[in-house]
Amino acid sequence: MRPPLDSPESSETAATIADLPCLDTRTDPATAASDQICRDFRDALGSFATGVTVLTTLTPDGRPIGVTISSFNSVSLQPPLILWSLACDSPRLEAFRNASHYAVNVLAADQEWVSDSFANREDNRFSGVRVSKGLADVPLIKGCVAWFECSNEARYPGGDHLIFLGRVQRFARGEVAEPLIFHAGRYRRLRGDSGQ
């Protein structure tokens, strides 16, 4: 177990964001030291618990595609905006970049298998997944905690990811209350509220 980056025990070896070779394209990320710093940075980010979502859209020829994402966040209430990001080397990047609409499907605690299906490299990610049609015929995954149907408002470069800003056109909450949580490289479940 490593100490946190801001603890006194690690002050001599702590990496700052500016020092991360994996985020700086001017350096060689293939060295063992930079790979270790990248892994440590990813592990530190994993300390932040997130919900799990599947982003869905249609390709230009009308084929449904989707990808598991935990980098989803709210941005604004007026207008209603959300953001998420996708790796620049994702084979699905161009479809999402060019889509007029996409949906954020917030997975329920019993949908680990859905997350795994959309996180794998297989093409047939929708196999066994029940869907309905949303705006612009974008697939909505049934049984989720919530859905956000978005128009593709803007995109911004973000290092090795592309950041998507979506304008929420329609949203709904599901009947299932407990979301799927991801923390420290594992799926987690909520243990009930604190009573406060």
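Since the structure is predicted, the reported quantities are computational estimates derived from the model, not experimental observations.

1. Focus on the overall build of the protein chain
From N to C terminus, the protein chain includes three helices and twelve strands. Counting every position in the protein chain, which comprises 196 residues, the buried fraction comes to 35%. Of the contacts formed within the protein chain by residues at least 6 apart in sequence, a portion of 61% connects residues at least 24 apart.

2. Looking at the environment of Gly51
Within the secondary structure, Gly51 is located in strand β1 (residues 50-51). According to the relative accessible area criterion, Gly51 is partly exposed, its value standing at 33%. Beyond its immediate stretch of four places on either side in the chain, Gly51 contacts Ser70 and Leu180.

3. As for the nonpolar core
With 20 residues, the main nonpolar core has Leu55, Ile82, Trp84, Leu86, Phe96, Tyr102 and Phe164 as its most contacted residues. Excluding its chain neighbours within four sequence positions, the residues that come into contact with Leu55 are Ile65, Gly66, Val67, Ile69, Trp84, Phe96, Tyr102, Ala103 and Val104. Grouped together as the second largest cluster of nonpolar side chains are 14 residues, Phe126, Val129, Val138 and Ile141 included.

4. A few points about the sheet that holds strand β9 (residues 146-158)
Read across the open sheet, the seven strands follow the order β3-β2-β6-β9-β10-β5-β4; overall the sheet is antiparallel. A single partner strand is all that each edge strand has here, and the edge strands are β3 (64-69) and β4 (73-76). Across this sheet, the average inter-strand angle for adjacent strands is 35°, counted without regard to direction. Summarising the sheet, β4 and strand β5 (residues 81-87) pair through three bridges and their orientation is antiparallel. Across the sheet, residue Ser74 finds its bridge partner in β5, namely Ile82. The sheet contacts of helix α3 (residues 112-119) involve β2 (53-58) and β3, and relative to β3 the element is tilted by about 110°.

About the criteria used
- Residues numbered from 1 in each chain as written.
- Predicted model: local features only at pLDDT ≥ 70, side-chain atom pairs only at ≥ 80, totals over all residues.
- Heavy atoms only, no water.
- Helix = DSSP H or I, 4+ residues; strand = E, 2+ residues; numbered from the N terminus.
- Buried < 20%, exposed > 50% of the residue type's maximum accessible area, 1.4 Å probe, protein only.
- Contact = heavy atoms within 4.5 Å.
- Core = buried A, V, L, I, M, F, W, Y, C linked by side-chain atoms within 4.5 Å.
- Pairing = 2+ DSSP bridges.
- Axes fitted to C-alpha atoms, helices over the stretch in contact; angles between N-to-C directions.

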